[in-house]
Amino acid sequence: MQAWFSGRPGNRAGAGNRVAVKGIVGRAMRISVIGLGKLGAPLAALLACKGFEVTGVDIDERIVAAVNDGRAPVEEPRLQEMMDGAEGRLSATTDTLRAVSESEVTFILVPTPGLAGDGFSLDRVLEVAEAIGDALTRKDDYHLVVLSSTVMPGATENMLLPKLEARSGKVCGRDFGLCYNPEFVALGRVINGLLQPDFVLIGESDERSGATLADVYRRMCPNGPPVARRQLGQWQWATHDGGSVASNRTAPHRQPPVIGMVLSSVMSSSLHALPTS
């Protein structure tokens, strides 16, 4: 069982936004963000502003055109500021296959609308997974896939993971990594929420995938939030209750007790520190 461990991963990368974050082959790390909506667009812009080379993906050609023109594709405070600070490191496309093939980390932030009664639709997530799987067949290097869309417990390891393996013919944990990483932010405060999260939850398929994602946060977040990592499947109680915050971002002050429980556990456990450089 993967133990909890936490650290202070928030040092700014190098001297600031103009320092390229090194990837696995010595150049700026390349990240693709699939879904440029109210959360995806701010995340893509912020990552680019922090030195990553970012390609956003969306099926809406108007959103793609706006990003490539340097304009914020959605209304969100500070989004235009982040896009201006990207300094040429942010682009967009409708071609998921190309974006994944040309990146090392892929965030999935597509809509997962609620279903009647309970649960969330995974139709768009699984559609994207097919394109990601096709891209993985073209790659020899390890690739990290991060699901941040709101889903029900078990969806990542029981539905997304098998789809990726079947489509790519590769093995998760060996050829590619998979993380579940819910974002707890509110509309109108997305940029600030991403920059200075209270804590970061990572469900990981393997040590390398979790370490890679934790390093992205270390370079992105100046406040050094505690990072809690566990194996996929061990976050079910947290993501089910905590996901209501991620899926209901119009209620920024509503925070279920489980969030405090998670943070309390992170802060009070006997934990190892993540490196800060």
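In short, a report on the structure. (Residues numbered from 1 in each chain as written. Predicted model: local features only at pLDDT ≥ 70, side-chain atom pairs only at ≥ 80, totals over all residues. Heavy atoms only, no water.)

**Thoughts on helix α2 (residues 61-68)**
Line of reasoning, step 1. When α2 is considered as a whole, its buried residues turn out to be I63, V64, A66 and V67. Buried residues along α2 cover an arc of 160° about the axis, so they all sit on one side. Away from the buried face of α2 by more than 90 degrees, exposed residues E61 and R62 are located.
Line of reasoning, step 2. If you follow the buried residues of α2, they end up packed against α3 (79-85) and β3 (90-93).
Line of reasoning, step 3. In this structure D60 caps α2, since a side-chain oxygen of it lies 2.9 Å from the backbone nitrogen of R62.
Line of reasoning, step 4. Backbone geometry just downstream of α2 places G70 in the positive-phi region, at approximately 85°. (Buried < 20%, exposed > 50% of the residue type's maximum accessible area, 1.4 Å probe, protein only. Helix = DSSP H or I, 4+ residues; strand = E, 2+ residues; numbered from the N terminus. Arc of directions from axis to C-beta. Contact = heavy atoms within 4.5 Å. Polar contact = N/O pair within 3.5 Å; in protein donor to acceptor, adjacent residues only side chain to side chain.)

**Focus: the pattern of salt bridges**
Line of reasoning, step 1. For the structure on display, the rule yields 15 salt bridges.
Line of reasoning, step 2. Between E102 and R98 there is a salt bridge, and its shortest N-O distance comes to 3.3 Å.
Line of reasoning, step 3. Accessibility expressed as a relative area gives 39% for E102, which makes it partly exposed.
Line of reasoning, step 4. A relative accessible area of 36% places R98 in the partly exposed class.
Line of reasoning, step 5. Where D175 meets R174, a salt bridge forms, and the shortest distance between an N and an O atom there is 3.0 Å.
Line of reasoning, step 6. Within the structure, one salt-bridge network assembled from shared partners comprises E130, D134, K163 and R167. (Salt bridge = Lys/Arg side-chain N within 4 Å of Asp/Glu carboxyl O.)

**Some remarks on the environment of E53**
Line of reasoning, step 1. You can see E53 is positioned in strand β2 (residues 53-57).
Line of reasoning, step 2. Judged by its relative accessible area of 33%, E53 is partly exposed.
Line of reasoning, step 3. A C-alpha to C-alpha distance of 4.6 Å links E53 and R30, two positions 23 residues apart in sequence.

**What to know about the sheet that holds β2**
Line of reasoning, step 1. Strand order in the open sheet made by the 8 strands is β3-β2-β1-β4-β5-β6-β7-β8, with mixed pairing throughout. Either end of the sheet is taken by a strand with one partner, and the two such strands are β3 and β8 (227-231). Averaged over all pairs of adjacent strands, the angle between their axes in this sheet comes to 25°, without regard to strand direction.
Line of reasoning, step 2. Against the sheet, helix α8 (residues 207-220) engages β1 (30-34), β4 (105-108), β5 (143-147), β6 (176-180), β7 (200-204) and β8, with an angle of about 155° to β7. (Pairing = 2+ DSSP bridges. Axes fitted to C-alpha atoms, helices over the stretch in contact; angles between N-to-C directions.)

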